[in-house]
Amino acid sequence: MRLRFLGKGGSDLGGCPSLYTTDQGSYLVQGWETDSPATVEIPHLLLGYAEPDTFIGAPMEDTGRGTFTLAGRPVAEREILAQLDLAPDEVAIEVPKTRRTFYGALSSA
């Protein structure tokens, strides 16, 4: 899996929570480890790095403290993890990349 870095933010350690796009049509999300092995916590600002006209196609839960939790496929492959700068309290998951579709009407003003 090839990764392309999109952005990071949220801590001063390691690669911080980061967002990558993959050559598999998905996103790789590097975030803070939670009690669930398939769930990470990320700062709200990380969503701003999603590619234009796309979004993370995984349910997110707002923690109420400036972060979301989201679940995906845990990344355990060494060749993928070797491309990341993971802090000791971080893990990576793969989540779907979904195309944004506009359903509204254009303003005539």
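Given the structure is predicted, the values throughout are model-derived calculations rather than measurements.

Parameters and conventions
- Residues numbered from 1 in each chain as written.
- Predicted model: local features only at pLDDT ≥ 70, side-chain atom pairs only at ≥ 80, totals over all residues.
- Heavy atoms only, no water.
- Helix = DSSP H or I, 4+ residues; strand = E, 2+ residues; numbered from the N terminus.
- Buried < 20%, exposed > 50% of the residue type's maximum accessible area, 1.4 Å probe, protein only.
- Contact = heavy atoms within 4.5 Å.
- Areas by Shrake-Rupley, 256 points an atom, 1.4 Å probe, with all protein chains shown as cover.
- Core = buried A, V, L, I, M, F, W, Y, C linked by side-chain atoms within 4.5 Å.
- pLDDT = per-residue confidence, 0-100.
- Phe/Tyr/Trp six-rings, centres within 6.5 Å; stacked < 30°, edge-to-face > 60°.
- Lys NZ or Arg CZ within 6 Å of the ring centre and 35° of its normal.

Asks: With reference to specific residues and values, describe the overall build of the protein.
Replies: Each helix and strand in the protein was counted, giving 1 helix and 9 strands. Along the protein, helices (α) and strands (β) appear in the sequence β-β-β-β-β-β-β-β-α-β when read from the amino end. Going through the 109 residues of the protein one by one, you find that 39% of them count as buried. For the protein, the proportion of contacts with a sequence separation of at least 24, taken over those separated by at least 6, is 55%. Of the roughly 6,500 Å² of accessible surface on the protein, a fraction of 53% belongs to carbon and sulfur atoms.

Asks: Would you mind going over the environment of Arg99 in detail, with residue names and values included?
Replies: By the element assignment, Arg99 lies in strand 9 (residues 90-99). What makes Arg99 exposed here is its relative accessible area of 55%. Discounting residues that sit within four places of it in the chain, Arg99 has contacts with Pro52, Asp53, Thr54 and Phe55.

Asks: Provide a residue-level description of the nonpolar core, including the pertinent values.
Replies: Grouped together as the largest cluster of nonpolar side chains are 13 residues, with contacts concentrated most on Leu19, Val29, Ile42, Ile56, Leu70 and Val95. Secondary structure elements with two or more residues in this core: strand 3 (26-33), strand 4 (39-43), strand 7 (67-71) and strand 9. Formed by 7 residues, the second largest nonpolar core is a distinct cluster that contains Tyr20, Val75, Ile80 and Leu84.

Asks: Outline the confidence of the model for the protein, listing residues and values.
Replies: Confidence in the prediction of the protein, expressed as mean pLDDT, is 90, and 88% of residues score 70 or more. Confidence scores differ between elements of the protein, with strand 5 (residues 54-56) showing the lowest mean pLDDT of 93 and strand 7 the highest of 97.

Asks: Could you give an account of the packing of aromatic side chains, with specific residues and numbers?
Replies: Per the counting criterion, the structure on display carries 1 aromatic pair. Residues Phe5 and Tyr20 carry aromatic rings whose centres are separated by 5.6 Å and whose planes lie at 70° to one another, so their mutual orientation is edge-to-face. Highlighted residues: Phe5 in strand 1 (residues 3-8) and Tyr20 in strand 2 (residues 18-22), separated in sequence by 15 residues. Assessed through its relative accessible area of 9%, Tyr20 is described here as buried. The cationic tip of Lys97 hangs over the ring face of Tyr27; the distance from NZ or CZ to the ring centre is 5.1 Å.

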